[in-house]
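Given next are the chains, with one letter for each unit.
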Amino acid sequence: LNIVLIEGNNLLSMDDNGLSDPYVKFRLENERYKSKIIRRSLNPKFLEQFQLYIYDLNKTVLYLTVYDYDASSNSDDFMGK
């Protein structure tokens, strides 16, 4: 299964500058993937493709979670899923 992550629109501002540094994590059963970080954007253009392997279409759930990257902290901010 090919997943294409194109863009995000109107994301939450998580940084003091009024912007965010978003990235997306994908989880499909035991597989995990992470997109690149788009700096200083509330409307990021990712344009990335991921190849995931599905063994049972009827029982598989793809989870997507969006985070704001924070270089100054030990953990990134959750933005949504």
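Caption draft 1: Examining the nonpolar core more closely. Core analysis: the biggest nonpolar cluster contains 11 residues, these being I3, L5, V24, F26, L28, I38, F46, F50, L52, V66 and M79. Those elements giving two or more residues to this core turn out to be β1 (2-7), β2 (22-28) and β4 (45-51). The element contributing the most residues to this core is β2, with 3 residues. If we ignore the near neighbours within four places in the chain, the residues touching F26 are I3, L5, E31, R32, Y33, F50, L62, Y63 and L64.

Caption draft 2: Quick look at the environment of L62. If you trace the backbone, L62 turns up in strand β5 (residues 62-68). For the pair formed by L62 and E31, sequence separation is 31 residues and the distance between their alpha carbons is 9.9 Å. If near-sequence neighbours (up to four positions away) are discounted, L62 is found in contact with I3, F26, R27, L28 and L52.

Caption draft 3: The side chain of S20, seen in detail. With respect to the helices and strands, S20 occurs in the loop between β1 and β2. In this structure the side chain of S20 is engaged in a polar contact, spanning 2.6 Å, whose partner is the backbone oxygen of L12. Leave out the neighbours within four places in its chain, and S20 touches L12, S13, M14, D15, I38, R39, R40, S41, L42, D68 and M79.

Calculation criteria
- Residues numbered from 1 in each chain as written.
- Predicted model: local features only at pLDDT ≥ 70, side-chain atom pairs only at ≥ 80, totals over all residues.
- Heavy atoms only, no water.
- Core = buried A, V, L, I, M, F, W, Y, C linked by side-chain atoms within 4.5 Å.
- Buried < 20%, exposed > 50% of the residue type's maximum accessible area, 1.4 Å probe, protein only.
- Helix = DSSP H or I, 4+ residues; strand = E, 2+ residues; numbered from the N terminus.
- Contact = heavy atoms within 4.5 Å.
- Polar contact = N/O pair within 3.5 Å; in protein donor to acceptor, adjacent residues only side chain to side chain.

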